[in-house]
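# Per-entry structural report
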Amino acid sequence: MANKKLIFGLGTGRCGTHSLADLLNTQKNFEITHELGDNPVLNWEFNDECLEFYLDKIMNRECDYVGDVAFYLLPYVESIINKFPDAKFVCLKRDKQETAFSYEKKTLGRNHWQSHNAQLYRLCPWDKCYPKYDLKIKKIEAINLYYDDYYSLVDSLLKKYPLNVCLHPMDSLNHEEKVRSILEFVGVQEKNALIKSRVKIKARNNSFEI
């Protein structure tokens, strides 16, 4: 376990994180999941017990490169770096409007960003994984605030931990040179890199999906 290399992915969600996990998991001797199999494991409010459970699940894997891609990991980045100074975090960023429209469509009837107590929306196990904003604003405004706050924190981490954290536009996954840059950052030698075009975006009626 001591020789394992930890690789993580970040991003608000609806921004290509599934594709990033697929890309990383394709590499030789990598085992990288997406949200531990699409499970709401980590609370947005820091919880050390949840983090230990999360890391134990990852560290018990057999491959040398192990990790996970999860939007809800962001509040835990500094703690993970303190525990594992060589850990790498690749963050994806999508256009703000596209992200908000995609989330609004995906979460029809749900609202992860405001504490609604099931009065206006259905309760959902994923609610705990997101920060909460004032109920007086519209849901789409809360999503936009989430986006702004998310990447503000990412920018702070980039400045503080430039050797651990990198940020790429989502579309980077469709460009071989940029994919190679991502793989090099996490420790994949160029001769061993397995590369495919990963992300496709489609627009319907002025809304964006992924």
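Look up: the structure comes first, before these words.
The structure contained in this document is the topic of the report that follows. As the structure is a prediction and not an experimental result, all values here were calculated from the model. (Residues numbered from 1 in each chain as written. Predicted model: local features only at pLDDT ≥ 70, side-chain atom pairs only at ≥ 80, totals over all residues. Heavy atoms only, no water.)

A separate point is the overall build of the protein chain. When you go through the protein chain residue by residue, the secondary structure sums to seven helices and seven strands. Reading the protein chain from its N end, one meets helices and strands in the order β-α-β-α-α-β-α-β-α-α-β-α-β-β. Against the compact-globule benchmark of 17 Å for 210 residues, the protein chain has a radius of gyration of 17 Å, which places it among compact chains. With 210 residues in all, the protein chain has 49% of them scored as buried. Summarising the internal contacts of the protein chain: among those between residues at least 6 apart in sequence, 72% fall at separations of at least 24. As presented, the protein chain carries roughly 11,000 Å² of accessible surface, and 48% of it is formed by carbon and sulfur atoms. Side-chain charges in the protein chain split into 30 positive and 29 negative, and the spacing between the mean points of these groups amounts to 4 Å. (Helix = DSSP H or I, 4+ residues; strand = E, 2+ residues; numbered from the N terminus. Rg over C-alpha atoms; globule rule 2.2 N^0.38 Å. Buried < 20%, exposed > 50% of the residue type's maximum accessible area, 1.4 Å probe, protein only. Contact = heavy atoms within 4.5 Å. Areas by Shrake-Rupley, 256 points an atom, 1.4 Å probe, with all protein chains shown as cover. Lys, Arg positive; Asp, Glu negative; His and termini not counted. Charge placed at Lys NZ, Arg CZ, Asp CG, Glu CD.)

Scanning the model with the defined rule gives six salt bridges in all. Measuring nitrogen to oxygen at the nearest pair gives 3.3 Å for the salt bridge that ties Glu98 to Arg94. Judged by its relative accessible area of 2%, Arg94 is buried. Salt-bridge contacts for Glu176 lead to Arg180; the nearest nitrogen and oxygen are separated by 2.9 Å. Note that Glu176 and Arg180 are positioned in helix H7 (residues 176–186) at a spacing of four residues, about one turn of the helix. Residue classification places Arg180 among the partly exposed residues on the basis of a relative accessible area of 28%. (Salt bridge = Lys/Arg side-chain N within 4 Å of Asp/Glu carboxyl O.)

This part covers the packing of helix H5 (residues 96–106) against helix H6 (residues 139–160). It is the contact of H5 with H6, at a shortest axis distance of 10 Å, that shows an interaxial angle of 130°. For the element pair H5 / H6, the angle class is oblique. Seen along the crossing, H5 lies across H6 with a hand that is right-handed. Across from Lys96, Thr99, Ala100, Tyr103 and Glu104 in H5, the residues of H6 making contact are Lys139, Ile140, Ile143, Asn144, Tyr146, Tyr147 and Asp148. Residues belonging to the contact of H5 with H6 are distributed by class as follows: six nonpolar, two polar and four charged. (Axes fitted to C-alpha atoms, helices over the stretch in contact; angles between N-to-C directions. Parallel < 35°, antiparallel > 145°, perpendicular 65-115°, else oblique. Left-handed = near helix turned anticlockwise from the far one by under 90°. Nonpolar A, V, L, I, M, F, W, Y, C, P; charged D, E, K, R; others polar.)

The next point concerns the packing of aromatic side chains. Scanning all chains against the criterion turns up 19 aromatic pairs. One residue, Lys88, lies across the ring of Phe185, its end atom 4.9 Å from the ring centre. One Lys or Arg, Lys93, reaches over the ring of Tyr151 and ends 5.0 Å from the middle of that ring. (Phe/Tyr/Trp six-rings, centres within 6.5 Å; stacked < 30°, edge-to-face > 60°. Lys NZ or Arg CZ within 6 Å of the ring centre and 35° of its normal.)

At a closest axis distance of 11 Å, the pairing of helix H1 (residues 17–26) and H7 adopts a crossing angle of 65°. At the point where H1 passes H7, the crossing takes the right-handed sense. Taking contact as the criterion, the partners of Leu20, Leu23 and Leu24 in H1 are, on H7, Val179, Ile182, Leu183 and Val186. Residue classes in the contact of H1 with H7 are distributed as seven nonpolar, no polar and no charged.

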